[in-house]
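Here is what each chain is made of, one letter per residue.
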Amino acid sequence: MLRADVLILGAGPAGATAALNLAPHHHVLLVDRLATPAQRIGESLPPAARRLLTDMGLWDEFVRQDHAPCHGNRSVWGGVAAEQDFLRDPDGHGWHLDRASFESWLRNKAVERGAALLTSTTLTAVMAVEEGWLVTLETLAGPCQLRAKVLIDAGGRNAMLARKLGARRVRQDKLICGWLYGCDYGKAGDGLSHIEAVEHGWWYSAPLPDQRRVLAFHTDADLPIAKALRNADWLTSTARQLPGLGALLESAGFVADTDVKLTAAHSAISTPPAGPGWFAVGDAAISFDPLSSQGLFNALYTGLAAAEACDRGLRGDATASDGYCHELESIATAYRQHLGFWYGEEKRWRDAVFWQRRQREVVLA
Ligand SMILES: Cc1cc2nc3c(=O)[nH]c(=O)nc-3n(C[C@H](O)[C@H](O)[C@H](O)COP(=O)(O)OP(=O)(O)OC[C@H]3O[C@@H](n4cnc5c(N)ncnc54)[C@H](O)[C@@H]3O)c2cc1C
């Protein structure tokens, strides 16, 4: 029988962040089904992340990793072509991360600070027992049991553990994303993310390390256009016809060289995001629409906030999870208002279902 003060399910950005903040004070077991982080879309880290990385004592080492700076966003939205740079941002520029190496680094920091990491492992059962939880893990060596005082669900937007513990997952839309990679021999160095609205959704592209670029289209899973999303030729040829993105891909000499991957990108929230003896962090607590570019920041922030609340709880503060729930509630309210504002700025396709749905959400917000 293994024992831990805290079991964290999921060693992505949120789980690793919770682990590296708790490990100096408590016995932490960090578990992930993947042996190493997968290469995946989601590389834009906003400037404000600098404060969190500093608070957690990670800033100097982060800077040494030399992730590419992101100097702002270029958008064609609401019929207006605009460039919003980070020049006046008090935190400076953001980053286009090498996502897999960023995640590996966070995992390593958690281990360096004392967390035990168990990969190729998942959770199959959980039961409340006296003073905590009895958990069954499926490891490479077979099933094993663990007793933990606190559980943290950091398993991403599926929120499997939080749901097992009684949280309801409220899904707010049907957004999905089709994305692929290609080479970029052009102006990758301008360091801008590009966003462009069209009748049935919106496009995203950003430069990546090693002269690579990501191209992505977001729409609702139940709209007819979603069927085209798996088709790499459709994705690249349609993007090339757009006024802003087409010119960008042309100047970058972009050539797609991977298959399309599909991923869920809807907004969702776990209610409640914490309870006695458990917390949900990152996407497992609240999943953001990629338009907000706030998912990684939220993963770092909630990873840290839950670690602090969990520490208070382990020291006897019975209200620790309530405070965390209130904080998450205000994050969710601010998020919905901002998202409603940005979707509301696009008024060109009032008859298109994709935009009608988002106008309705503005009214609800
Ligand atoms: C299309 C798209 C684009 C995005 N772009 C950006 C962006 O540019 N900037 C940004 O800030 N955010 C972006 N995001 C959001 C960002 O990727 C997420 O918010 C972030 O990954 C959340 O981190 P997390 O640690 O909570 O979850 P995840 O990164 O999903 O990590 C979850 C971890 O848990 C593990 N896991 C899951 N289930 C189990 C299980 N049952 N057992 C064991 N392990 C498990 C997984 O292997 C993984 O390592 C984007 C999201 C999407 C969908």
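Every chain's residues receive numbers from 1 upward, in the order its sequence appears when written. Local features in this predicted model are restricted to residues of pLDDT 70 or higher, and side-chain atom pairs are both shown and tallied only at a pLDDT of 80 or more, whereas totals for entire chains, interfaces and linings draw on every residue. Note that water and hydrogens are dropped before the side-chain values are worked out from all heavy atoms of the structure.

## Observations concerning unusual backbone geometry
Both trends apply: most residues other than glycine have a negative phi, and most peptide bonds are in trans. Put simply, the test is: Helix and strand labels come from DSSP, where a helix needs a run of H or I of at least four residues and a strand needs a run of E of at least two; each type is numbered from the N terminus. Categorising residues by exposure relies on relative accessible area from a 1.4 Å probe, with only protein chains included: less than 20% of the type maximum marks a residue as buried, more than 50% marks it as exposed, and the intermediate range marks it as partly exposed.
Across the junction of Thr271 and Pro272, the peptide omega takes the value -5°, indicating a cis bond. Its place among the elements puts Pro272 in the loop between strand S19 (268–271) and strand S20 (274–275). Backbone geometry places Ser120, a non-glycine residue, at a positive phi of 50°. Looking at the element boundaries, Ser120 is found in the loop between strand S8 (116–118) and strand S9 (122–129). Its relative accessible area of 23% is what places Ser120 among the partly exposed residues. The phi angle at Ala159 is positive, at roughly 50°, despite the residue not being glycine. Within the fold, Ala159 resides in the loop between strand S11 (142–153) and helix H5 (160–164).

## Focus: the environment of Pro207
Residue position: Pro207 is located in strand S15 (residues 201–208). For the pair Pro207 and Asp190, spaced 17 residues apart in sequence, the C-alpha to C-alpha distance is 8.6 Å.

## Some details on the site of the ligand
Basically, it comes down to this: The near set for a molecule or strand comprises every residue that places at least one heavy atom within 4 Å of it. Polar contact is the term for a pair of N or O atoms within 3.5 Å; when the atoms are in protein, one must be able to donate a hydrogen and the other to accept it, and sequence-neighboring residues count only if both atoms are side-chain atoms. We get accessible surface area from the Shrake-Rupley algorithm with a probe of 1.4 Å; when it comes to residues, only the shown protein chains can shield them. Classification convention: Asp, Glu, Lys, Arg as charged; Ala, Val, Leu, Ile, Met, Phe, Trp, Tyr, Cys, Pro as nonpolar; all other residues, Gly among them, as polar. For every domain, the bounds stem from an assignment made automatically or drawn from a database.
The immediate surroundings of the ligand are formed by 32 residues, with Asp32, Ser44, Arg99, Asp283 and Leu296 found nearest. A distance of 3.2 Å is found between an oxygen atom of the ligand and a backbone nitrogen or oxygen belonging to Pro13. Contact with the protein chains removes 93% of the 1000 Å² of surface that the ligand exposes when unbound. Of all the secondary structure elements, the ones that give two or more residues to the shell around the ligand are helix H1 (13–22), strand S18 (261–264) and helix H8 (295–314). The biggest single contributor to the shell around the ligand is H8, with three residues. Considering only residue class, the shell around the ligand consists of 13 nonpolar, 13 polar and six charged. For the shell around the ligand, the two domains that each supply at least three residues are domain 1 (2–43 + 98–171 + 267–337) and domain 2 (50–96 + 174–265).

## Here's the deal with the sheet that holds strand S7 (residues 94–96)
For clarity, the cut-off: DSSP calls a pair of strands paired once it identifies at least 2 bridges connecting them.
Read across the sheet, three strands follow the order S3-S7-S4 without closing on themselves; strand pairing throughout is antiparallel. Edge positions in the sheet fall to strand S3 (44–45) and strand S4 (68–70), since each has one partner strand and no second. Summarising the sheet, S4 and S7 pair through three bridges and their orientation is antiparallel. Opposite Cys70, over in S7, you have Gly94 as the bridge partner.

## Examining the environment of Pro276
The condition that has to hold: Here, residues are in contact when the closest pair of their heavy atoms is within 4.5 Å.
If you trace the backbone, Pro276 turns up in the loop between S20 and strand S21 (278–280). Residue Pro276 is classed as exposed on the basis of its relative accessible area of 73%. Distance from Pro276 to His194, taken between C-alpha atoms, is 42 Å for residues 82 residues apart in sequence. Contacts of Pro276, omitting those with residues within four sequence positions, involve Trp133 and Ser321.

## Observations concerning the nonpolar core
Heads up, the condition is: The criterion is simple. A nonpolar core is a set of buried Ala, Val, Leu, Ile, Met, Phe, Trp, Tyr and Cys residues joined through side-chain atoms within 4.5 Å.
Among the nonpolar cores identified, the biggest contains 97 residues, and Leu7 and Tyr324 are the most heavily contacted of them. Per-element accounting of this core gives the leading share, ten residues, to H8. Residues in contact with Tyr324, not counting those within four places in the same chain, are Pro273, Ala274, Phe279, Ala280, Val281, Ala285, Thr302, Ala305, Ala306 and Ala309. Residues Leu180, Ala226, Leu229 and Val260 belong to the second largest nonpolar core, which totals 17 residues.

## Focus on the sheet that holds S19
Here three strands make up an open sheet; going across it, the order is S12-S19-S22 and the pairing antiparallel. Bordering the open sheet on either side are strand S12 (168–171) and strand S22 (286–287), each of which pairs with just one other strand. Examined bridge by bridge, S12 and S19 share four bridges and lie antiparallel to one another. Its bridge partner lying in S19, Arg168 is registered against Thr271.

## So, the side chain of Arg107
If you trace the backbone, Arg107 turns up in helix H4 (residues 99–112). According to the relative accessible area criterion, Arg107 is buried, its value standing at 5%. Once you skip the residues sitting within four places of it in the chain, Arg107 turns out to touch Ala11, Ala16, Asp32, Leu34, Ala35, Thr36, Pro37, Leu117 and Thr119.

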